[in-house]
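Fold and contact review
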Amino acid sequence: MAIQATQPYWSELARPQFPALHEDLSTDVCIVGAGIAGLTTAYLLLRAGKRVVVLEKDEIAGGESGRTTAHITHALDDRYFELEQLHGILGSRYAAASHTAAIDQIETIVREHAIECDFRRVNGYLFNPPEQPLDILTRELDAAHRAGLGAVTLIQGAPIEFATGPCLLFPRQAQFHPLKYLIALANLIVEQGGHIFTHSAVSAVRGGGNAMVTTRAGARVHAQDIVLATNTPANDVLVVHTKQAPYRTYVLAFAIAPGSVVPGLFWDTADPYHYVRIAEGDIHDMLIVGGEDHKTGQEDDGALRFEELEHWTRERFPAAGAIAFRWSGQVMEPVDGLAYIGSNPLDASNVYIATGDSGNGMTHGTIAGILLRDLLLGQANEWAGLYAPHRKTLRAADEFVHENLNVALQYIDWIKPGNYASADVIPIDCGGIIRDGAQKIAVYRDADNRLHTCSAACPHLGCVVAWNNTEKSWDCPCHGSRFDAFGRLVNGPALADLTRVNFS
């Protein structure tokens, strides 16, 4: 089985074709982004009687929803004892209730429409590495119980090959094949009268009385309400981006004999942390292991991260066979551990965002669909304050200052030399930053030895982009915008490509 470098296990599934938008339209709600947040929102609004248009710059699940490992869980990446300190006991209870409701919502959609997406309920297990004290688990157990998760228990070990030691059992979590689910959701949206347009990148968003979304091709969608479900909001210049930070996470999929590892979700509390699940296949099962995160654009050591992940896995799972797939994804980490879902701060009240998945994208994305449906219909939802994008979590002030100081330090790159003295020494199929007077140039040498040159300034807020050799992309170390080797936009918050420049 050949390695498919930086391609997710799910990517082998063919995706349905939808047209690009070439004419102006009017609708009740225009949703930008066809990942789990955008498609769930569209589906639930259609069921409530709203007219919906979905715009996607690539294809269905072409962004981070297609690069997930699809843990569907209320065992959150940020511990409940931390959430309780940040948001109070009521906040932690709402967090537990909303993520539990998201699991149930996914199951309801799967069952109602008989979606074949390998959905199954599995147990989740949280364990410590040997060097960490047990009190992390006991504190989390107590906090989970206070949050209303009374079924969580402390057990002597997870049912896997290596000795985890004591761990927390979170019963009735879930997993699925994310692309099978999202493709089915997209088809349901169209069957119910919604419209989906792919390869329709957005260039402008305007809220207010004449709300409108404009695509790069010049087509316009007039709407009563607009939802930005683009992993990170491309319409927001600064406010939300000061409250979250982009991280890259790494994933390996190992072929294993069917049934050789018990299906379940497994997480450790290490730093960097690791997460594990099984995907069942016809010939092989897949042991999917992720972790080894770092700030986007601030490290270029993906090969080392994959090596560390492989070493960690093979030490613990003797059943792990050949590496079949490897990939990375982008996680938006909010300063206080929970997503931002609701009206966009300092914007018109009819412009909504869903961002800050914090490593729990499948449930946060589904919560976004439930909560945004209620907000747009004018219905009360007790979670609204917890996820409100304008919230200020005073107890997260230190993290807010730390992350924004980190962003400010990235602008020092403008006074540093490039990481190559000359374009002549940039290897084939690699990129590098060259200084040209006051300019910094992003230079990529392709497989045919041709140079492709762009301004290294991210069009979002002018940070100097960095080369990511693992994904062959230019990544912004400030707010996570990403561009392919030729400078074409991959991920926001930027709305434009890197500017092409002549360089000799």
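Everything discussed here concerns the structure shown above.
Let me sum up the structure you'll find in this document.

Calculation rules
- Residues numbered from 1 in each chain as written.
- Predicted model: local features only at pLDDT ≥ 70, side-chain atom pairs only at ≥ 80, totals over all residues.
- Heavy atoms only, no water.
- Axes fitted to C-alpha atoms, helices over the stretch in contact; angles between N-to-C directions.
- Helix = DSSP H or I, 4+ residues; strand = E, 2+ residues; numbered from the N terminus.
- Parallel < 35°, antiparallel > 145°, perpendicular 65-115°, else oblique.
- Contact = heavy atoms within 4.5 Å.
- Nonpolar A, V, L, I, M, F, W, Y, C, P; charged D, E, K, R; others polar.
- Phe/Tyr/Trp six-rings, centres within 6.5 Å; stacked < 30°, edge-to-face > 60°.
- Buried < 20%, exposed > 50% of the residue type's maximum accessible area, 1.4 Å probe, protein only.
- Lys NZ or Arg CZ within 6 Å of the ring centre and 35° of its normal.
- Polar contact = N/O pair within 3.5 Å; in protein donor to acceptor, adjacent residues only side chain to side chain.
- Expected span 1.5 Å × (residues − 1).
- Pairing = 2+ DSSP bridges.
- Disulfide = S-S within 2.5 Å.

As a packed pair, helix α2 (residues 80-112) and helix α3 (residues 135-146) sit with axes 10 Å apart at the nearest point and diverge in direction by 10°. Between α2 and α3, the angle is such that the two are roughly parallel. Between α2, through Y80, F81, E84, Q85, I89 and R93, and α3, the contact on the second element is made entirely by I136, R139, E140, A143, A144 and R146. Residue composition of the contact of α2 with α3, grouped by class: 6 nonpolar, 1 polar and 5 charged.

Within the structure shown, the criterion is met by 12 aromatic pairs. Centroid distance Y273 to Y275: 5.7 Å. Interplanar angle 35°. Geometry classified as tilted. A relative accessible area of 22% places Y273 in the partly exposed class. Their ring planes at 65° and their centres at 4.9 Å tell us that W467 and W474 sit as a pair that is edge-to-face. Counting every residue linked through ring pairs, the aromatic cluster contains Y444, W467, W474 and F486. The aromatic ring of F81 is capped on one face by R139, whose charged end is 3.9 Å from the ring centroid.

On to the side chain of R15. Considering the arrangement of structural elements, one finds R15 in the segment before β1 (25-32). Owing to a relative accessible area of 17%, R15 belongs among the buried residues under this scheme. At 2.6 Å, the side chain of R15 forms a polar contact with the backbone oxygen of I60. Of the polar contacts made by the side chain of R15, one reaches the backbone oxygen of A61; its length is 2.9 Å.

This part covers helix α6 (residues 361-377). Along its 17 residues, α6 runs 24 Å from first to last C-alpha, staying within 8% of the 24 Å computed at 1.5 Å per residue. Of all 17 residues making up α6, 13 are buried, and the element is well covered by its neighbours. A positive phi of about 75° marks G378, the residue just after α6.

Here we take up the sheet that holds strand β21 (residues 466-468). Ordered in space as β21-β22-β23-β24, the 4 strands form an open sheet in which the pairing is antiparallel. At either margin of the open sheet sits one strand with a lone partner, and together these are β21 and β24 (489-491). The average angle at which neighbouring strand axes cross in this sheet is 35°, direction not considered. The pairing of strand β22 (residues 473-475) with strand β23 (residues 482-484) spans 3 bridges and is classified as antiparallel.

Now for the state of the cysteines. One pass over the structure, following the stated rule, counts 1 disulfide. Each sulfur in the disulfide pair C463 and C478 lies 1.8 Å from the other. One end of the pair, C463, is in the loop between β20 (451-455) and β21; the other, C478, is in the loop between β22 and β23, and 15 residues separate them in sequence. Free of any disulfide, C454 has its nearest neighbouring cysteine sulfur in C458, separated by 12 Å. Relative accessible area serves as the criterion here: at 2%, C454 is assigned to the buried category. Lacking any disulfide linkage, C476 is separated from the closest cysteine sulfur, that of C458, by 4.0 Å. The buried category is assigned to C476, whose relative accessible area is 2%.

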